[in-house]
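Chain and residue survey
What follows is each chain in one-letter form.
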Amino acid sequence: MNVHDSEKMSGIMEAEGYIRTHDYNDADVIIFNTCSIRQKAEQKFFSELGRLKPLKKRKPDIKIAVAGCIAQSAGRKILVRTPHVDLVIGTQNIHLLITALKKGEVAVITHDNPEITSVDIPAKRDDKVRAWINIMFGCDNFCSYCVVPHTRGRERSRAAASILDEIRGLAEKGYKEVTLLGQNVNSYESELDFPGLLRAANRINGIERIRFVTSHPKDLSDDLIAAMSDLPKVCEHIHLPLQSGSNKVLRLMNRKYTFEDYLGKIEKLRKAIPEISITSDIIAGFPQETLEDHKCTLHALDSIGFDGIFSFKFSPRPGTKAAELDGRLAENIQSERLYEIIELQNNITESKNTELSGSFQEVLIEGPDERFSDRLTSRTRTNKIVNIPFNSNIKAGDIITAKIVRANRHSLEGTIS
């Protein structure tokens, strides 16, 4: 979501004649697009922002803006802490970026924007093959650890017609893959529900692959599973955050499902889509998590066999209920449990990748490898990266068949079939 917000801000700036630079010293405007989902991200942001104070003294006309979730949650406090900032603009109002900068006044813009679903913002996408598309904004779930409902507001869905028009426009520009974005895409509701939106997008010529993030397990319906199974353009991959294998911890997290509920949906997905790749999120060391609760999470990882996970230590966020819970775990215990989670999942991921050795996979070419000039980067429908030898006859956007010749922990190596 933040990546796509940055694309929109780039689009706004370039439409006004600004050119992007990666050197602070060359800039007329510096925009920080921030994330507040974990404390470490906030700490890194404020450290970087503090380093710009000498630059602001040398170049007083330079404009420094703070956008994103920290802007939305902290608001005017950012100006108190870092008075060299000129603009604080929240997640719902980035369309006002240029207007605010042109006024030349220090401003804080964090008000609720009920029109967010209908504001058309031109996105400057660097990727010419794959595109992010917002289908909804905000979240109504209020998981006890999560700051998102406080920083992105309540759920609002874009009109299906607007989304489909955006997808058609991308197809006309040569894009091959779209990823539909929402804090909980399963609760999307407009002229169509989410499975209906997928069915409509599947009919658009030119687009070859459709992905989506993120799905909340409590709202994963049989109709959505059927759509994933039936629609040829919808990829065989789902990111379905579990967060913990302990029912007690899931209850404290306000996740609104049990591990057994979650496992039942995994079984339905694999029955309907045998080749599906499933990834997840795990929080280690949640308040009041016992050793037995932690073992439940390890058991869940072992029994489900995710293709990959994002795992983090619990990070208390201001304004959330989990930040007020008793039973906070010591940092060293959180770290030990996170290490065990990562080690177990690394072995599972490596084993699942090894099973693909010798197989033939449909891959979408994304472009040259960022590190090695003699390789191309591609991706399977199940969202696994496949590196293949460079070939001048193959270009970004091509869909080819690759034979997997080697499995690494986090990627695959292939040859052109």
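The structure this text deals with has already been given above.
Residues numbered from 1 in each chain as written. Predicted model: local features only at pLDDT ≥ 70, side-chain atom pairs only at ≥ 80, totals over all residues. Heavy atoms only, no water.

Quick notes on helix 2 (residues 39-50)
Helix length check: helix 2 (12 residues) gives 17 Å between terminal C-alpha atoms against 16 Å at 1.5 Å per residue, within 8%. All buried positions along helix 2 are accounted for by Glu42, Phe45, Phe46 and Leu49. Seen end-on, helix 2 carries its buried residues on one side only, within an arc spanning 95°. Of the exposed residues in helix 2, the ones pointing more than 90 degrees away from its buried face are Lys40 and Lys44. Structurally, helix 2 contributes buried residues whose contacts are with strand 1 (29-34), helix 3 (53-58), strand 2 (63-67), helix 4 (68-74) and helix 5 (77-81). (Helix = DSSP H or I, 4+ residues; strand = E, 2+ residues; numbered from the N terminus. Expected span 1.5 Å × (residues − 1). Buried < 20%, exposed > 50% of the residue type's maximum accessible area, 1.4 Å probe, protein only. Arc of directions from axis to C-beta. Contact = heavy atoms within 4.5 Å.)

Description of the sheet that holds strand 16 (residues 399-407)
Paired through their backbone hydrogen bonds, the strands of a sheet run either parallel or antiparallel. One closed barrel holds the five strands; their spatial order is 13-14-15-17-16, and the pairing between them is mixed. The sheet shows a mean angle of 50° between the axes of neighbouring strands, taken without regard to direction. Sheet analysis places strand 16 next to strand 17 (residues 412-416), joined by five bridges and oriented antiparallel. Bridged to Ala402 within strand 17 is Ile416. (Pairing = 2+ DSSP bridges. Axes fitted to C-alpha atoms, helices over the stretch in contact; angles between N-to-C directions.)

Observations concerning the sheet that holds strand 12 (residues 308-313)
The three strands lie next to each other as 10-11-12, forming an open sheet whose pairing is parallel. Only two strands of the sheet have a single partner each, and these edge strands are strand 10 (237-239) and strand 12. In this sheet, adjacent strand axes meet at a mean angle of 10° when their direction is disregarded.

Some details on the pattern of salt bridges
Under the criterion given, the structure shown has 29 salt bridges. Of the charged contacts, one joins Arg154 and Asp140 as a salt bridge, the two residues approaching to 2.8 Å between their closest N and O atoms. Residue Arg154 is found in the loop between helix 7 (148-152) and strand 7 (156-157), and its partner Asp140 is found in the loop between strand 6 (136-137) and helix 7; the two are separated by 14 residues along the sequence. Classification of Asp140 as partly exposed rests on a relative accessible area of 34%. The residue Asp307 makes a salt bridge to Lys384 at a minimum N-O spacing of 3.0 Å. A residue pair is termed long-range when its members are at least 10 positions apart, and Asp307 in the loop between helix 13 (291-304) and strand 12 and Lys384 in the loop between strand 14 (375-380) and strand 15 (385-389) qualify at 77 residues. Here Asp307 matches Lys384 in class, with each residue buried. (Salt bridge = Lys/Arg side-chain N within 4 Å of Asp/Glu carboxyl O.)

Focus on the environment of Ala27
Tracing the chain through its elements places Ala27 in the loop between helix 1 (2-15) and strand 1. Beyond its immediate sequence surroundings of up to four residues, Ala27 is in contact with Thr21, Lys59 and Ile62.

Section: unusual backbone geometry
A cis amide bond links Val213 with the next residue in sequence, Thr214, at an omega value of 0°. Its location among the elements puts Thr214 in the loop between strand 9 (209-213) and helix 10 (222-230). Here the phi dihedral of Gln288 falls at roughly 75°; this positive angle occurs in a residue that is not glycine. Relative to the elements of secondary structure, Gln288 occurs in the loop between strand 11 (277-284) and helix 13. What makes Gln288 partly exposed here is its relative accessible area of 33%.

As for helix 10
Two residues of an α-helix separated by three or four positions point the same way, owing to the 3.6 residues in each turn. Turning to helix 10, its buried residues are Leu224, Ile225, Ala227 and Met228. Looking straight down helix 10, one finds its buried side chains confined to an arc of 160°; they lie on one side. Structurally, helix 10 contributes buried residues whose contacts are with helix 9 (194-202), strand 9, strand 10 and helix 12 (259-272).

Re the nonpolar core
Judged by nonpolar contacts, the single largest core of 65 residues is most densely connected at Ile167, Leu180, Phe194 and Phe212. With near-sequence residues (within four places) excluded, Phe212 lies in contact with Thr179, Leu180, Val185, Phe194, Leu198, Leu224, Met228, Val234 and Ile238. Counting 17 residues, the second-largest nonpolar core is a separate cluster that includes Phe45, Leu49, Leu52 and Val85. (Core = buried A, V, L, I, M, F, W, Y, C linked by side-chain atoms within 4.5 Å.)

Structural notes on the environment of Val249
One can find Val249 in helix 11 (residues 247-252). Along the primary structure Val249 and Thr290 are separated by 41 residues, whereas in three dimensions their C-alpha atoms are 9.2 Å apart.

Section: the packing of aromatic side chains
Applying the stated criterion across every chain yields a total of seven aromatic pairs. Ring centres 6.1 Å apart and planes at 35° place the aromatic pair Tyr257 and Tyr262 in the tilted group. Taken individually, Tyr257 and Tyr262 each receive the classification buried, so the pair is uniform in this respect. Ring geometry for Phe286 against Phe314: centres 5.2 Å apart, planes inclined by 70°, an arrangement best described as edge-to-face. You can see Phe286 sitting in the loop between strand 11 and helix 13 and its partner Phe314 sitting in the loop between strand 12 and helix 14 (331-354), a full 28 residues away along the chain. For the pair shown, Phe286 and Phe314 are each scored as buried. Clustering of aromatic rings is evident, with ring pairs tying together Phe32, Phe45 and Phe46. Sitting above the plane of the Phe46 ring, Arg81 keeps its charged end 3.8 Å from the centroid. (Phe/Tyr/Trp six-rings, centres within 6.5 Å; stacked < 30°, edge-to-face > 60°. Lys NZ or Arg CZ within 6 Å of the ring centre and 35° of its normal.)

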